[in-house]
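Remarks on the overall topology
Next come the chains, spelled out residue by residue.
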Amino acid sequence: MAAPEPDPDRAPGTGSTTRTTADTADTDRTPGSAPDPAPGPEPLTVPSMSAGPDFVLRPWEMSDLPLIREASLDPYIPLITTIPAPYSEAAAEAFVRRQWERAATGAGYPFAIVRSRDRRPVGAIGLWLRELPEGRASLGYWLTDLARGQGVARAALRTVTGWALRDLGVPRLQLYIEPWNTASARIAEDIGFRREGLLRGWQQVGDERRDMAVYALLNSDGPADGRAVTAH
């Protein structure tokens, strides 16, 4: 699993960046009047996309509560996400509403990963745009235990990566992976991400600060393997 972007619900100071005009002179404004608020990010529409023949990426739904329950039992997922642990239906519903809010406020695109053959959700992947004004975005994903080792992460990451580079024109994509997670590192490198270095004590995971290896893929590096196909 690649660690999601630090969550604004858990990590103070990591909310979306906006520029204000408070320090900009405005000759048309009446002296003493309050400055106009800076425009906020535009709401985003999370698309549904085919991730190959076996998986679909789609917006979160309230029907995904069983997935949240399953993820809440995982020893690692609640440490790097806002998946509630212990599980409660109210907390799970709040989690889904948070995903909707992130799209509505322009913070990013949260997807549920769904198995095509039975429409069962098996994980999540997100494209986070907090640093898009600086020309970069980050990706993070997680899978429940039963979905690991079946090519799910590779299909989902390849799809969102290709879509972000080609359709959205993001100049730089970043992944943060703990050094022990060789499976996620191998998937990232297979898709074209390059390891750029080790960030010491980069992220709070549970009760400790953890190192993260940073992987990046530039739009100028060429197309990612595979193409995202919008599902109809």
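Before going into details, it helps to say that this report is about the structure given with it.

The rules we used
- Throughout, residues of each chain are indexed from 1 in the direction in which the sequence is written.
- Totals for whole chains, interfaces and linings use all residues, but because this is a predicted model, local features are given only for residues with pLDDT of at least 70 and pairs of side-chain atoms are given and counted only at 80 or more.
- To obtain the side-chain values, all non-hydrogen atoms of the structure were included, while hydrogens and water were left out.
- Put simply, DSSP H or I for four residues or longer makes a helix, DSSP E for two residues or longer makes a strand, and each gets a number counted from the N terminus.
- Buried residues are those whose accessible area, probed at 1.4 Å on protein chains only, stays under 20% of the maximum for their type, while exposed residues exceed 50% and partly exposed ones sit between those limits.
- In what follows, a contact means two residues having at least one pair of non-hydrogen atoms within 4.5 Å.
- Surface accessibility in these figures is a Shrake-Rupley result with a 1.4 Å probe; residues are shielded only by whichever protein chains are displayed.
- Centres within 6.5 Å make a pair out of two Phe, Tyr or Trp rings, where for Trp the six-membered ring is used; the pair is then stacked when the planes are under 30 degrees apart, edge-to-face when over 60, and tilted otherwise.
- What we call a nonpolar core is a set of buried Ala, Val, Leu, Ile, Met, Phe, Trp, Tyr and Cys residues that are connected through their side-chain atoms within 4.5 Å.
- The arc in question is the one spanned by the directions pointing from the helix axis to the C-beta atoms.

When helices and strands are tallied, the protein shows 5 helices and 9 strands. If you list the helices and strands of the protein from N to C, you get β-β-α-α-α-β-β-β-α-β-α-β-β-β. Split into buried and exposed, the 232 residues of the protein put 45% on the buried side. For the protein, the share of sequence-separated contacts (at least 6 apart) that also reach a separation of at least 24 residues comes to 63%. About 12,000 Å² of surface is accessible on the protein, with carbon and sulfur atoms providing 51% of the total.

Right, let's talk about the packing of aromatic side chains for a bit. Evaluated as defined, the whole model comprises 6 aromatic pairs. Ring geometry for W60 and W142: centres 6.4 Å apart, planes at 40 degrees, overall tilted. Highlighted residues: W60 in the loop between β2 (55-58) and α1 (65-72) and W142 in strand β5 (residues 136-143), separated in sequence by 82 residues. With a relative accessible area of 4%, W60 lands in the buried category. Between Y176 and W202, the aromatic rings sit 5.4 Å apart at their centres with planes inclined by 20 degrees, giving stacked as the arrangement. On the criterion of sequence distance, the pair formed by Y176 in strand β6 (residues 172-177) and W202 in strand β7 (residues 194-205) is long-range, its members being 26 residues apart.

What follows is about the nonpolar core. By size, the foremost hydrophobic cluster in this structure holds 39 residues, and its most contacted members are L57, F111, I125, L127, L173 and F193. The biggest single contributor to this core is helix α4 (residues 152-166), with 9 residues. In this structure L57 touches P47, S48, M49, A51, F111, A112, I113, I125, A156, T159 and V160, once residues within four positions along its chain are discounted. By size, the runner-up hydrophobic cluster in this structure holds 22 residues, among which are Y76, A92, V114 and V214.

Along helix α5 (residues 182-191), the residues that are buried comprise S184, A185, I187, A188 and I191. Projected down its long axis, α5 carries its buried residues within an arc of 160 degrees, all on one side. Along its buried surface, α5 packs onto β5, α4, β6 and β8 (208-218). Positioned one or two residues after α5, G192 has a phi angle of 125 degrees, which is positive.

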